[in-house]
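Close look at the chain arrangement
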Amino acid sequence: MDDIAKKATLIDGKRFSEQLRERVADEVGRLATRGDVVPGLAVVLVGDDPASRVYVQSKQRAVTAAGMRSFEHSLAAETTQQRLLDLIHQLNADADVHGILVQLPLPDHIDPGVIIEAIDPRKDVDGFHPTNVGRLGTGQGALVPCTPLGCLMLLQAHLGSLAGREAVVVGRSNIVGKPMAALLLGHDCTVTMAHSRTRNLPDVVGRADIVVAAAGRAHLIQGDWLKPGAVVIDVGINRIAAPERGEGKMRLVGDVDFDGAFATAGAITPVPGGVGPMTIACLLVNTLTAACRIHQLDEPEGLAPSL
Ligand code: GUN
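A few points on the structure. (Residues numbered from 1 in each chain as written. Predicted model: local features only at pLDDT ≥ 70, side-chain atom pairs only at ≥ 80, totals over all residues. Heavy atoms only, no water.)

Peptide bonds are, in most cases, trans, and in most cases residues other than glycine have a negative phi. Looking along the chain, the bond that leaves Leu104 and enters Pro105 is cis, with omega of 0 degrees. If you trace the backbone, Pro105 turns up in the loop between strand 4 (99-102) and helix 4 (112-118). The linkage connecting Val271 with the following residue, Pro272, adopts the cis geometry, with an omega of -5 degrees. The topology assignment puts Pro272 in the loop between strand 11 (267-268) and helix 10 (276-294). Despite not being glycine, His219 has its phi angle at roughly 55 degrees, a positive value. In this fold, His219 is placed in the loop between strand 7 (210-213) and strand 8 (231-234). Look at Gln296: it is not a glycine, yet its phi comes out positive at around 50 degrees. Structurally, the position occupied by Gln296 is in the segment after helix 10. (Helix = DSSP H or I, 4+ residues; strand = E, 2+ residues; numbered from the N terminus.)

With that settled, the discussion passes to the layout of surface pockets. Rolled over the atoms, a probe sized like a water molecule indicates the empty space that remains. Looking at the largest pocket, its volume works out to about 1300 Å³. As for the largest pocket, its lining consists of 47 residues, of which Tyr55, Thr147, Ile237, Gly276 and Thr279 are closest to the centre. Where the lining of the largest pocket is concerned, the elements lending two or more residues are helix 1 (13-33), helix 2 (50-65), strand 4, helix 6 (146-159), strand 9 (238-241) and helix 10. Of the residues contributing to the lining of the largest pocket, the split by class is 25 nonpolar, 13 polar and 9 charged. In this model, the second largest pocket occupies a volume close to 290 Å³. (1 Å grid on protein atoms, 1.4 Å probe; cavity = no way out; pocket = protein on both sides within 12 Å on 5 of 7 lines; lining within 4 Å. Points joined across faces, edges and corners; volume = space filled by probe spheres on them. Nonpolar A, V, L, I, M, F, W, Y, C, P; charged D, E, K, R; others polar.)

The N-to-C vectors of helix 2 and helix 10 enclose an angle of 50 degrees; their axes lie 10 Å apart at closest approach. Classified by the angle between their axes, helix 2 and helix 10 sit oblique to one another. The crossing of helix 2 and helix 10 is right-handed. Touching Ser58, Lys59, Ala62 and Val63 of helix 2 are Ile280, Leu283 and Leu284, all from helix 10. Split into classes, the residues belonging to the contact of helix 2 with helix 10 amount to 5 nonpolar, 1 polar and 1 charged. (Axes fitted to C-alpha atoms, helices over the stretch in contact; angles between N-to-C directions. Parallel < 35°, antiparallel > 145°, perpendicular 65-115°, else oblique. Left-handed = near helix turned anticlockwise from the far one by under 90°. Contact = heavy atoms within 4.5 Å.)

To continue, consider the sheet that holds strand 1 (residues 9-10). Across the sheet, which stays open at both edges, the 6 strands sit in the order 1-11-8-7-5-6 with parallel pairing between neighbours. The open sheet has two edge strands, strand 1 and strand 6 (190-194), and neither has a second partner. Relative to strand 11, strand 1 is paired through 2 bridges, and the arrangement is parallel. Pairing of Leu10 across the sheet is with Ile268, part of strand 11. Those strands touched by helix 6 are strand 1, strand 7, strand 8 and strand 11, and its axis lies near 155 degrees from that of strand 8. (Pairing = 2+ DSSP bridges.)

Spatially, the 3 strands line up as an open sheet ordered 3-2-4, and their pairing is parallel. At either margin of the open sheet sits one strand with a lone partner, and together these are strand 3 (69-75) and strand 4. Strand-to-strand twist across the sheet, computed as the mean angle between neighbouring axes with direction ignored, equals 15 degrees. Alignment of strand 2 (residues 40-46) against strand 3, held across 7 bridges, turns out to be parallel. Its bridge partner being in strand 3, Gly40 is matched across the sheet by Arg69.

Moving on: the packing of helix 6 against helix 10. When two helices pack together, their arrangement is captured by the angle between the axes and the distance separating the axes. Between helix 6 and helix 10, whose axes approach to 8 Å, the crossing angle comes to 105 degrees. Classified by the angle between their axes, helix 6 and helix 10 sit roughly perpendicular to one another. Taken together, the residues of helix 10 that come into contact with helix 6 (itself represented by Cys146, Thr147, Leu149, Gly150, Met153 and Leu154) are Met278, Thr279, Cys282, Leu283 and Asn286. Residues of the contact of helix 6 with helix 10, tallied by class, amount to 7 nonpolar, 4 polar and no charged.

Let us now look at empty space enclosed by the protein. Inspection of every chain in the model, using the stated rule, returns 1 cavity of 30 Å³ or more. The calculated volume of the largest cavity comes to roughly 50 Å³. Lining the largest cavity, in full, are Ile100, Leu101, Val102, Leu104, Ile116, Ile119, Asp124, Asp126 and Phe128. Counting residues per element, the lining of the largest cavity draws most heavily on strand 4, which supplies 3 residues. Residues belonging to the lining of the largest cavity are distributed by class as follows: 7 nonpolar, no polar and 2 charged.

Structure follows, in structure tokens:
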């Protein structure tokens, strides 16, 4: 018995996200049948960054597949900040639009802070507006950034209650690390935020029952750092050379050394197929939530965690 090596459970974000998307589509269908509202998402892309275009297209496909309306605004790279602000004001006033997503990064001549602040916080499905950041921090019913929301859902699906658990978040970005820490704190974890200046990262990570890796560095976290049985959520999507696949080939890896972690962790998300698909599913959840709140309709029960 002892000679059979224990392996981590794989947390299948792809399957979970598919189920979540189906539940969102069911709710959207119910709203439409009752004649209440068809949720609509406006996606704004400035410039022609190929990676951003791929992200935007997959977001739009998911929105329409869920029965929602998708409004695309593709603007030239040289669009002025004022022209983009004018569009945001127009979308804020548009009753068919319940969510506004401005794909980041923006061209250098546009200040993302100014653009995000111009979005009506009720339509801020990215959860980036300072009003939503503050609401998340104070537990006042925020719209929450999609990636950390997806991580929280995977953790709850695997662990049930998170209360009292030691959680370490590695990475302090506004999009993932900081809101993730706020969500875990809101769910009664004891939270440590680690980052590039943290001393003795292996020891800090080694205390954690829950590790959320969001530092953006391939294989930063080694398997033998982990507390045995820890639950590991790997947010990293790093492209590295894969000579074993042929000359010039690349592959995607997370911030965690998956093979090492698989032997020690209790459960782990793969890359790809873990957190990534949850981000888009949570965008659909947030768009539905925004539409319900704007129209003062009951929010579907159990779709998103209580915040
Ligand atoms: N660019 C990369 N990730 C995101 C995201 O979650 N939202 C937006 N708006 N842009 C992004």
